[in-house]
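# Working through the structure, step by step
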Amino acid sequence: MTEQDGPEMAGGAALWARTRAGLAPVAEPDALLLAAYAENRLSEEDGAAVESWLARHPEALDTVLAVRAASAAGALPLGRPAEIAAARSLVSGAHGGGTPRPQLMRGIAWGSVAAGLLVASLVGYEAGVATGGHTSVAFSSLASEMGFGIGGNDGLLADAMGLGDAGEEL
Amino acid sequence: MARDTDLEVALLCRGDKRAWDGFVARYAGAVRAAVLAVLRQAGRDASEAADLVQDVFLRLCKDEFRLLAQYDPARAAPATWLTLIARSMALDHLRRKQVARVPLEEAPESAVAVAPTEPVERLAIPPDLLSPRQALILAMLYEREMDPAEVAAALGIEVQTVRSMHHKALTKLRAFFGEERG
C-alpha cells in the first residue's frame, strides 16, 4: 500500500464488508468458463459475469489469477518432445492394445498417469520451476504473490463442477 | 510455448487408447504442477500428489467422460482448463483432510464454540450500483489484500484505472449508505 492509497482506502474495507453482505448471489461459472476468463478469451458480457461471481467469492481468485498469470506467460508445463515420446512408449507397454472401454479406464488411466508421472519426474516438473522460470517479471511476481495458493473455499468451484467427491467415488 | 488446442475430445470420450496415451503424456506435467503447487502452499507432503494426479484423470473419465465431454477447445486451452480442475480437486482434497483430521467429539470446546458476533447490517445492494469490475476490484483490494499495482497486473489494466474505479465505487457506496467521507 502506498501513501497515495492510504487515505482513499481508509474505511473502504468496512464499506466493502457491508456491501458484500447485501450483494445478491450470482450463478457460479463452470471450470471451462473460468479457464476462458483466465485466458482473457471471454466476451465483455461473459467476463463481467465471471467477475461478478469472483467478487462474491474472492477465495477463488487465487486459483484463477494464478492460472491467468501462468497462461499469459506461456508457462503452463507442457511436455517436451523427447519425454513425450518416452512416455508414449511406456504407455504402449502398459496397455495390451485394443480400444479401452469407459469401465476399463481406471486401469488405463493409472498406467498412463504412472507413465506421465515418470515423465514428469524426469523433466523435473515442479510447479514453481515450471511456472516461475519462464514468466515475465510482472507475472512471475504476481504468481509468486498469489502463490498458486490455497485461497480458502474453492469447494464452491469444485462443487459446481461436480468434483466434490472425486477421490472416493472413482 | 506449445499450442495445445488439438485435444481430441471425441476420441478421448470413446476411450481411444492412442488418444489417451498422448493426452496423459502431454498433460500429466501440467496437472502434477497444479496439484503440487496447492500441496506446497498448504505445507503438505508432495507424496500426496501422485494419487491426486490420478484422481484428476479418473475424474475426466467418470460417468462416461461427462466432464471431459464438456471441454471445448474453442473456449480455453486444455492445460488451463486442466489446471483449474486439478487445483480445485487438490483444494477439495485438503479440505477433506482437514475435516477428517480431528473428530468433532475430540475437538476442544473452544475450537467448536461459536463466537458471539455483532448483528450484521444487511441492506440489499441494487444490482447496478457497482459494475462487476468495480466489485471485483474492491474484493481484491480488501479481501485478498492486494495493492493497486497487483490488481492492475492481474486484470491487465492501468494502476490509475484501478484507483479511479476504486474511488468511484467507494463514492457510490458512501452515497448509498448515506455516509459522509471521513
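Quick summary incoming for the structure in this document.

## A word on the nonpolar core
Residues and elements named next belong to chain B. Phe23 and Trp81 are the most contacted members of the largest nonpolar core, which has 79 residues in total. The element best represented in this core is helix 2 (residues 17-41), accounting for 12 residues. Other than its neighbours up to four places away in sequence, Phe23 contacts Leu7, Leu12, Phe57, Leu60 and Leu82.

## A closer look at the packing of aromatic side chains
Residues and elements named next belong to chain B. A full pass over the atoms with the stated rule returns six aromatic pairs over all chains. Relative to Tyr27, the ring of Phe23 lies with its centre 5.4 Å away and its plane at 55°, an arrangement referred to as tilted. One end of the pair is Phe23 and the other is Tyr27, both in helix 2 and four residues apart, which spans about a single turn. You'll find Phe23 and Tyr27 in the same group, each marked buried. Ring geometry for Phe23 against Phe57: centres 5.7 Å apart, planes inclined by 80°, an arrangement best described as edge-to-face. Residue Phe23 is found in helix 2, and its partner Phe57 is found in helix 3 (residues 49-69); the two are separated by 34 residues along the sequence.

## Details of the packing of helix 2 (residues 12-22) of chain A against helix 8 (residues 159-177) of chain B
With their axes 10 Å apart at the nearest point, helix 2 of chain A and helix 8 of chain B run at an angle of 65° to one another. Of the possible angle classes, the one that applies to helix 2 of chain A and helix 8 of chain B is roughly perpendicular. For the pair helix 2 of chain A and helix 8 of chain B, the crossing hand works out as left-handed. Contacts between helix 2 of chain A and helix 8 of chain B involve Gly12(A), Leu15(A), Arg18(A) and Thr19(A) from the former and Leu170(B), Leu173(B), Arg174(B) and Phe177(B) from the latter. In the contact of helix 2 of chain A with helix 8 of chain B, the residues fall into four nonpolar, two polar and two charged.

Rules behind the numbers
- Residues numbered from 1 in each chain as written.
- Chains lettered and ligands numbered in written order.
- Predicted model: local features only at pLDDT ≥ 70, side-chain atom pairs only at ≥ 80, totals over all residues.
- Heavy atoms only, no water.
- Core = buried A, V, L, I, M, F, W, Y, C linked by side-chain atoms within 4.5 Å.
- Buried < 20%, exposed > 50% of the residue type's maximum accessible area, 1.4 Å probe, protein only.
- Helix = DSSP H or I, 4+ residues; strand = E, 2+ residues; numbered from the N terminus.
- Contact = heavy atoms within 4.5 Å.
- Phe/Tyr/Trp six-rings, centres within 6.5 Å; stacked < 30°, edge-to-face > 60°.
- Axes fitted to C-alpha atoms, helices over the stretch in contact; angles between N-to-C directions.
- Parallel < 35°, antiparallel > 145°, perpendicular 65-115°, else oblique.
- Left-handed = near helix turned anticlockwise from the far one by under 90°.
- Nonpolar A, V, L, I, M, F, W, Y, C, P; charged D, E, K, R; others polar.

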